[in-house]
Amino acid sequence: MSYLCTLFQKNSEMMKNIVWLLLALVAFSSCGEYNKLLKSTDYEYKYEAAKNYFAKGQYSRSITLLNELIAILKGTDKAEESLYMLGMSYYNTKDYQMAAQTFIQYGNVYPRGIYAELARFHAGKALCLDTPEPRLDQSGTYDAIQQLQMFMEYFPNSSKKNEAQEMIFALQDKLVMKEYLSAKLYYNLGNYMGNNYLSCVITAQNALKEYPYTNMREDLSILILKAKYEMALNSIEEKRLERYRETVDEYYAFKNEFPESKFLKEAERIFNESQKVLQ
């Protein structure tokens, strides 16, 4: 029995070695074929190989081949498909900046092309996926919104219209969050080196004007109320009563819009303290 177990183990190890050897040979053969393909001047063969790599999900190889072929195939019926495949290859490798650039190029070169709708859509989506967190510079977010809006203008009846609109809403929320964080920073700075409460109010109010349907209206509104109250508290005598009246007006506006707000207790405290001064 022990002899049979030993024999079985040896055979098993041998089979594993054979499998690994076969896999190595296949990989070596594949690399050899790919290297020969790169040196080839048979561009029809390269084009078919690029399509094959793309279909198999071997995007790094399709990118290399397609980048070479686009200039060579320019003016042929294969150039359009090559450019779109290149964009999708970048997209699928998560190189969203290169994907967006390629899709935008496609839209400019082939505005009525077979893949024009998908290219416009993926240009916006690629930029959307590449946007940074709200605390960072949001130039890319504005670019993504612009591309998605262009897509919706060009293809108002697209089946991807709703998805594009949802992305725009999400990107706008990111912009609002940046404004909220800026307003909150001003609030936390208080009177350090100037009246930062006023900057808080202006920043938050501008965000509400620009994005009136944001789901952060309540957070921005309570921040405005708190900042106006702090301005009244720290005000010079000549402006003190006026600013407390502005605070009370802001309270009524807040309560009317958010009668069941999670911040209502805090808002009531600000109102009561302001009323004591005004009575």
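About the criteria used
Each chain carries its own residue numbering, running from 1 in the direction its sequence is written. A pLDDT threshold of at least 70 governs which residues receive local features in this predicted model, and a stricter bar of 80 or more applies before side-chain atom pairs are shown or counted, although totals over entire chains, interfaces and linings include all residues. Excluded from the side-chain calculation are hydrogens and water; included are all heavy atoms of the structure. For Phe, Tyr and Trp, rings pair up if their centres lie within 6.5 Å, where Trp contributes its six-membered ring, and each pair is then called stacked (planes under 30 degrees apart), edge-to-face (over 60) or tilted (otherwise). Numbering goes from the N terminus for both helices and strands, where a helix is a DSSP run of H or I of at least four residues and a strand is a run of E of at least two. Each residue's exposure class comes from its accessible area (1.4 Å probe, protein chains only) as a fraction of the maximum for that residue type: buried when under 20%, exposed when over 50%, partly exposed otherwise. Note on contacts: a residue pair is in contact if any heavy atoms of the two residues lie within 4.5 Å. Helix span is expected to be 1.5 Å times the residue number reduced by one. The directions from the helix axis to the C-beta atoms are what the arc is built from. In this description, a line fitted to the C-alpha atoms serves as the axis of each element, helices being fitted only across the stretch in contact, and the angle between N-to-C directions of two axes falls anywhere from 0 to 180 degrees. The scheme is simple: roughly parallel for angles under 35 degrees, roughly antiparallel for over 145, roughly perpendicular for 65 to 115, oblique for anything else. Handedness of each helix crossing follows the sense of rotation of the near helix against the far helix: counterclockwise by less than a right angle gives left-handed, clockwise gives right-handed.

Caption draft 1: Examining the packing of aromatic side chains more closely. The final tally for this structure, using the stated rule, is 17 aromatic pairs. For the pair Tyr-84 and Tyr-106, a centre-to-centre distance of 6.3 Å together with 65 degrees between the ring planes defines the contact as edge-to-face. Of the two residues, Tyr-84 is situated in helix α4 (residues 77–92) and Tyr-106 in helix α5 (residues 96–109); the sequence distance between them amounts to 22 residues. Given a relative accessible area of 11%, Tyr-84 falls into the buried group. Here the aromatic residues Tyr-84, Phe-103, Tyr-106, Tyr-110 and Tyr-115 are joined through ring pairs into a cluster of three or more.

Caption draft 2: The arrangement of the side chain of Ser-235 in detail. Relative to the helices and strands, Ser-235 is located in the loop between α10 (217–233) and α11 (237–257). Each residue touching Ser-235, except ones within four places of it in the same chain, is listed here: Arg-240 and Arg-243.

Caption draft 3: Structural context of α5. Given a rise of 1.5 Å per residue, 14 residues ought to cover 20 Å, and the 20 Å separating the end C-alpha atoms of α5 matches this to within 8%. Every buried residue belonging to α5 is among Tyr-96, Ala-99, Ala-100, Thr-102, Phe-103, Tyr-106 and Gly-107, and all of these are buried. The arc that holds every buried residue of α5, seen down its axis, measures 165 degrees, which confines them to one face. Next to the buried residues of α5 lie α4 and α6 (116–129).

Caption draft 4: Region of the structure containing the packing of α4 against α6. Axis separation between α4 and α6 bottoms out at 11 Å; the angle between their running directions is 25 degrees. Here α4 lies roughly parallel to α6, going by the angle between them. Note on packing geometry: the crossing formed by α4 with α6 is left-handed. Here Tyr-84, Met-88 and Tyr-91 of α4 come into contact with α6, specifically with Leu-118, Ala-119, His-122, Lys-125, Ala-126 and Leu-129.

Caption draft 5: Quick look at helix α12 (residues 264–278). With 15 residues, α12 extends 21 Å between its outermost C-alpha atoms, agreeing within 8% with the 21 Å of an ideal straight helix rising 1.5 Å per residue. Looking at α12, one finds that the buried residues are Leu-264, Ala-267, Ile-270, Phe-271 and Ser-274. Buried residues of α12, viewed axially, fall in a sector of 120 degrees; they line one side. Away from its buried face, by an angle of more than 90 degrees, α12 presents the exposed residues Lys-265 and Lys-276. Looking at the buried residues of α12, the elements they touch are α10 and α11.

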